[in-house]
Amino acid sequence: VGPMLAASAAGLCLAARARPVVCALCFALFCTALGFSNATLRTHIVAAPALDGRDRFVSLKAWVEKTEARSTGARLTLLPISADAGDHVTLPDRIRITSRFKHVPQTGTAISVKALLRPVPEPTMPHGFDFARKAYFDGIGAVGFALSAPTSIPPPETASLVLRIKARIDSV
């Protein structure tokens, strides 16, 4: 709908170019339609699978994409490689877990960890911070916490170029 509205507004702008006020209003409509089209396109581009339904205990193998040190442990953003969950589970593209263990893996490391994964939570109060919205645009499809200390494993494949660059930056 947005691109059609933008094209219509552009056509009206060209047709009304002899009338400056009408042309300016059509141009404003054109810019508004482009903004809505951009927002819709961005929403479709970042769409990623999310964990559905209930909490799941999983044995997860993943790449560490981001490590955020905390006073006790760390918050890890993981790119899943595989998971043993007992039943068929679709893994999200990104998972964020909190680990209370002293060992904090470095970015770019392949790890194995037992974790409790949950769907991304909704806001806790009206007009409160919407973590689900932020997680959607960050590509995070599940959250949870580590039940075992993350252990480094031999990488099953070569890390992506983007992950290797992030690891190099974090090591500086």
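Scroll up for the structure.
In what follows, the accompanying structure is described. All of these numbers come straight from a predicted model, not from anything done at the bench.

The rules behind these values
- Residues numbered from 1 in each chain as written.
- Predicted model: local features only at pLDDT ≥ 70, side-chain atom pairs only at ≥ 80, totals over all residues.
- Heavy atoms only, no water.
- Polar contact = N/O pair within 3.5 Å; in protein donor to acceptor, adjacent residues only side chain to side chain.
- Helix = DSSP H or I, 4+ residues; strand = E, 2+ residues; numbered from the N terminus.
- Core = buried A, V, L, I, M, F, W, Y, C linked by side-chain atoms within 4.5 Å.
- Buried < 20%, exposed > 50% of the residue type's maximum accessible area, 1.4 Å probe, protein only.
- Contact = heavy atoms within 4.5 Å.
- Pairing = 2+ DSSP bridges.

**Here's the deal with helix 3 (residues 131-138)**
Okay, so step 1: Structurally, the start of helix 3 carries an N-cap: the backbone nitrogen of Ala132 is 3.3 Å from a side-chain oxygen of Asp130.
Okay, so step 2: Directly after helix 3, the chain includes Gly139, whose backbone phi takes a positive value near 80°.

**Details of the nonpolar core**
Okay, so step 1: In this structure, Leu60, Leu76, Leu78, Ile97 and Leu117 are the most contacted members of the largest nonpolar core, which totals 16 residues.
Okay, so step 2: Secondary-structure elements contributing two or more residues to this core are strand 1 (56-69), strand 2 (74-84), strand 3 (94-99), strand 4 (110-118) and strand 5 (140-146).
Okay, so step 3: What Leu78 contacts, discounting residues up to four positions off in sequence, is Leu60, Ala62, Trp63, Val64, Glu65, Asp93, Arg94, Ile95, Ile97 and Ile111.

**Topic: the pairing of strand 4**
Okay, so step 1: Along strand 4, 7 of the 9 residues are buried, which leaves the element largely enclosed by surrounding structure.
Okay, so step 2: As defined by bridge partners, strand 1 adjoins strand 4 across 8 bridges and the pair is classed as antiparallel. The residue of strand 4 that forms the bridge with Trp63 is Ala110.
Okay, so step 3: Examined bridge by bridge, strand 4 and strand 6 (residues 151-152) share 2 bridges and lie antiparallel to one another. From the neighbouring strand, Ile111 faces strand 6, where its bridge partner is Ser152.
Okay, so step 4: In terms of strand pairing, strand 4 meets strand 5 through 4 bridges, oriented antiparallel. Counted as the bridge partner of Leu116 is Phe145 from strand 5.

Note that every value here comes from positions in space, so none of it alone points to a role or purpose.
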